[in-house]
Each structure stands twice: as C-alpha cells, then as structure tokens.
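Chain and residue survey
Given next are the chains, with one letter for each unit.
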Amino acid sequence: QVQLVESGGGLVQPGGSLSVSCAASGRIFRIGTMGWDRQAPGKQRELVAAITSGGSTNYADSVKGRFTISRDNAKNTVYLQMNSLKPEDTALYYCNADAKENMYSTYQNYWGQGTQVTVSS
C-alpha cells in the first residue's frame with residue numbers, strides 16, 4: 001500500500017501565499033504523475049495542478065500564473081506553492097499520485113486525506 005500525507009494549509013488573507021506539501025510512503029517501486037485537486041463546499045472536485053515524473057506540469061486555468069507545482073523525486077514529495085490567493089481558492093486540497101508497488105504491478109491511483117486552505121480577511 002501507498003500512503004499520502006499532506007501538510008501545510010491553513011488560513012491566509014486574500015493576496016497572501018501558502019504552501020502545501022504531500023509525502024508518499026509505503027511500498028513504492030515507482031511514482032508517476034503527482035498532483036493536487038481541490039473541492040470547495042457545494043462544488044465538484046477539480047484538478048488544480050499535476051506534474052509528471054519528468055517534470056512536465058499542467059495547471060487549471062484558474063490558477064495559472066499564481067500556483068506552482070514541484071516535486072522532489074528522491075523524497076517522493078510533491079509541493080504546491082500558492083501565491084496571490086483569492087477567496088475562491090478556499091477548498092479542501094487533496095494530493096494524489098500514480099504509483100506502482102513493484103516492477104510487475106500496474107500503476108494505481110492514491111489519494112491523501114486532504115488539507116484545508118481558507119482564504120479570508
């Protein structure tokens with residue numbers, strides 16, 4: 001099994017910055033794409049950003065230019081730096097990763113428990 005544990009998050013004023021991170025642990029042979037989704041109250045979960053093992057990134061239009069995703073493959077950790085935060089960025093942020101437990105298994109998708117980000121004055 002693979003576990004994802006998020007850290008960071010919290011309360012920040014509009015225009016402020018916040019960083020969240022997510023570390024994968026457990027039976028890991030290889031990790032593929034890692035990313036962040038978010039879900040605001042009453043809304044569907046949406047992709048925020050994703051990054052491949054090679055470093056290619058993808059962002060939701062709503063966060064382009066404000067959020068930066070990065071990863072440390074040696075630490076099996078993905079980061080999300082969030083700048084110029086807006087009240088509409090308030091949501092529960094979930095980390096996810098595609099991982100395989102051994103060289104013969106297929107990639108499975110794993111999710112963290114979520115970390116709350118609240119943007120409010």
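The structure we're discussing is the one just above.
Residues numbered from 1 in each chain as written. Predicted model: local features only at pLDDT ≥ 70, side-chain atom pairs only at ≥ 80, totals over all residues. Heavy atoms only, no water.

**Here we look at the state of the cysteines**
Here is the rule: For the purposes of this analysis, a disulfide is any pair of cysteine sulfur atoms at a distance within 2.5 Å. Per the convention used, a helix needs a DSSP run of H or I reaching at least four residues, while a strand needs a run of E reaching at least two, with both numbered from the N terminus.
Enumeration according to the criterion identifies one disulfide in this entry. The side chain of Cys-22 participates in a disulfide bridge whose partner is Cys-95; the two sulfur atoms lie 2.1 Å from each other. Disulfide Cys-22-Cys-95: the torsion about the S-S bond is -75 degrees, which places it as left-handed. One end of the pair, Cys-22, is in strand S3 (residues 18-26); the other, Cys-95, is in strand S9 (residues 91-100), with 73 residues separating them in the sequence.

**Remarks on the nonpolar core**
Note the cut-off: The definition of a nonpolar core used throughout is a set of buried Ala, Val, Leu, Ile, Met, Phe, Trp, Tyr and Cys residues joined through side-chain atoms within 4.5 Å. Throughout, exposure labels follow a simple rule: accessible area from a 1.4 Å probe, protein chains only, divided by the maximum for the residue type, with under 20% read as buried, over 50% as exposed, and the rest as partly exposed. Every residue pair with non-hydrogen atoms within 4.5 Å of one another is taken to be in contact.
Counting 31 residues, the largest nonpolar core has Trp-36, Leu-80, Met-82 and Tyr-93 as its most contacted members. Going through the elements one at a time, strand S1 (2-8), S3, strand S4 (30-39), strand S5 (46-51), strand S7 (67-72), strand S8 (77-82), S9 and strand S11 (115-119) are the ones with two or more residues in this core. Sort the elements by how many residues they give to this core and S9 lands first, with five residues. If we ignore the near neighbours within four places in the chain, the residues touching Tyr-93 are Glu-6, Trp-36, Asp-37, Arg-38, Val-48, Phe-67, Leu-80, Met-82, Gly-114, Thr-115 and Val-117.

**Looking at the side chain of Arg-71**
Applied cut-off: Counted as a polar contact is a pair of N or O atoms within 3.5 Å, where, for protein atoms, one must be capable of donating a hydrogen and the other of accepting one, and residues adjacent in sequence contribute only when both atoms are in side chains.
Looking at the element boundaries, Arg-71 is found in strand S7. A polar contact of 2.6 Å, which involves the side chain of Arg-71, links it to the side chain of Asn-73. Residue contacts for Arg-71: discarding those within four places in its chain leaves Ile-31, Gly-32, Thr-33, Met-34, Ile-51, Thr-52, Ser-53, Thr-77, Val-78 and Tyr-79.

**Brief notes about the pairing of S3**
Heads up, the condition is: In this analysis, strands are considered paired if DSSP registers two or more bridges between them.
Bridge count between S1 and S3: seven bridges; the pairing is antiparallel. Opposite Glu-6, over in S3, you have Cys-22 as the bridge partner. Pairing of S3 with S8 involves six bridges; the strand directions are antiparallel. Bridge pairing links Cys-22 to Val-78 in S8.

**Description of the sheet that holds S7**
The line we're drawing: For helices, the axis comes from a line fit to the C-alpha atoms of the stretch in contact; other axes are also lines fit to C-alpha atoms, and the angle between any two N-to-C directions lies between 0 and 180 degrees.
Spatial strand order, S1-S3-S8-S7: four strands in an open sheet with antiparallel pairing. If you trace the sheet from one side to the other, it starts and ends with S1 and S7, each paired once. Adjacent strand axes in the sheet meet at a mean angle of 15 degrees when their direction is disregarded.

**A closer look at the pattern of salt bridges**
Opposite charge on two side chains makes pairing possible when the charged atoms of those side chains draw close. The cut-off we apply is this: Criterion for a salt bridge: a side-chain nitrogen of Lys or Arg within 4 Å of a carboxyl oxygen of Asp or Glu.
This structure, assessed with the given rule, holds five salt bridges. For Asp-61, the salt bridge goes to Lys-64, with nearest N and O atoms at 3.1 Å. Its salt-bridge partner being Asp-89, residue Arg-66 comes within 2.8 Å of it at the nearest N-O pair. Of this pair, Arg-66 sits in the loop between strand S6 (57-59) and S7 while Asp-89 sits in the loop between S8 and S9, and the two are 23 residues apart along the sequence. A residue is classified by how much of its surface remains accessible, and Asp-89, at 1% relative accessible area, is buried. Overlapping salt bridges bring together Arg-38, Glu-46, Arg-66 and Asp-89 as one network.

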